[in-house]
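Report on the structure
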Amino acid sequence: MADVTTADQLDDSVVSEPLDLVRLSLSERVFVKLKGDREIRGTLHGYDSHCNLVLSEVEETVYVMDDDSDVLKTIKKQSEMLFVRGDAVVLISPPQRT
Amino acid sequence: MATSQLLPLELVDKCVGSRIWVVMKTDREFSGTLLGFDDFVNMVLSDVTEYDALGNQTHLSKILLNGNNICMLIPGGEPSGENGATEE
């Protein structure tokens with residue numbers, strides 16, 4: 001369990017739990033899907049055990065949906081730096097290849 | 001962790017005293033001066049503009065914003081300010 005400190009947890013090269021995968025993406029571009037039909041792409045500068053995130057050079061896409069779950073429009077926004085609250089995070093991944 | 005990184009709550013702490021733009025999980029946003037926050041990212045904001053889903057604005061002099069529904073925080077940001085929002 002994560003609350004017992006082992007040699008593995010002090011070794012940054014070992015991947016043993018899901019948040020270790022996030023650690024591998026530090027300083028890299030990531031794709032993050034959020035609740036509320038939003039996605040963001042940015043450079044990951046920091047995270048914590050709640051999945052709160054710090055991202056820079058961010059592009060956010062908001063999908064505005066109608067009552068039949070069809071996409072009415074998308075809104076794109078850019079930010080230099082932002083904080084994401086962990087309980088809004090659905091997934092964190094390397095950027096998708098488009 | 002030996003990796004050096006910028007912890008999320010450190011970023012919020014750096015914003016205390018300056019303008020911040022808060023995006024909620026719903027289609028609501030707040031822009032104000034950050035006076036303080038706690039471990040749950042509940043926030044005290046002053047000189048606040050609330051933007052609802054329809055684009056209506058309300059001014060509030062000081063609020064305690066419940067952190068439960070916050071999605072993102074953008075330092076120094078204003079919804080129609082320096083960051084371009086484009087519709088497609």
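Residues numbered from 1 in each chain as written. Chains lettered and ligands numbered in written order. Predicted model: local features only at pLDDT ≥ 70, side-chain atom pairs only at ≥ 80, totals over all residues. Heavy atoms only, no water.

Concerning the interface of chain A and chain B
- Taken residue by residue, the interface counts 29 residues in chain A and 33 residues in chain B.
- Counting each side, the surface lost to burial between chain A and chain B is near 2600 Å², with a carbon and sulfur contribution of 56%.
- Of all residues in chain A, Arg 38, Phe 83 and Arg 85 of chain A bury the most surface against chain B, accounting for 26% of the area lost on that side.
- Across the chain A-chain B interface, the total number found is 3 salt bridges.
- A salt bridge links Glu 29 of chain B to Lys 77 of chain A; the shortest N-O distance between them is 3.2 Å.
- Contributing elements (two or more residues each) for the side of chain A that touches chain B: β2 (38–47), β3 (53–65) and β4 (71–84) of chain A.
- Here the side of chain A that touches chain B takes 11 residues from β4 of chain A, the largest share from any one element.
- Broken down by class, the residue content of the side of chain A that touches chain B amounts to 12 nonpolar, 7 polar and 10 charged.
- For β4 of chain A and strand β5 (residues 70–75) of chain B, the ladder comprises 2 bridges, and the chain directions are antiparallel. Bridged to Phe 83 of chain A within β5 of chain B is Leu 73 of chain B. (Contact = heavy atoms within 4.5 Å. Buried area = accessible area lost by both parts, 1.4 Å probe. Salt bridge = Lys/Arg side-chain N within 4 Å of Asp/Glu carboxyl O. Helix = DSSP H or I, 4+ residues; strand = E, 2+ residues; numbered from the N terminus. Nonpolar A, V, L, I, M, F, W, Y, C, P; charged D, E, K, R; others polar. Pairing = 2+ DSSP bridges.)

So, the pattern of salt bridges
Residues and elements named next belong to chain B.
- Evaluation of the coordinates by the stated rule reveals 10 salt bridges over all chains.
- One salt bridge in this structure joins Asp 47 and Arg 19, with 3.4 Å as the shortest N-O distance. Taken as a pair, Asp 47 in strand β3 (residues 43–51) and Arg 19 in strand β1 (residues 19–24) lie far apart in primary sequence, 28 residues in all.

Quick look at a nonpolar patch on the surface
Residue and element names in this part refer to chain A.
- On the surface, a nonpolar cluster with roughly 280 Å² of combined accessible area is contributed by Val 15, Leu 21 and Leu 24.
- Considering the arrangement of structural elements, one finds Val 15 in the loop between α1 (7–10) and α2 (18–24).
- Since its relative accessible area comes to 43%, Val 15 is described here as partly exposed. (Patch = residues over 30% accessible without salt bridge, like charges linked within 9 Å, V, L, I, M, F, W, Y side chains within 5 Å. Areas by Shrake-Rupley, 256 points an atom, 1.4 Å probe, with all protein chains shown as cover. Buried < 20%, exposed > 50% of the residue type's maximum accessible area, 1.4 Å probe, protein only.)

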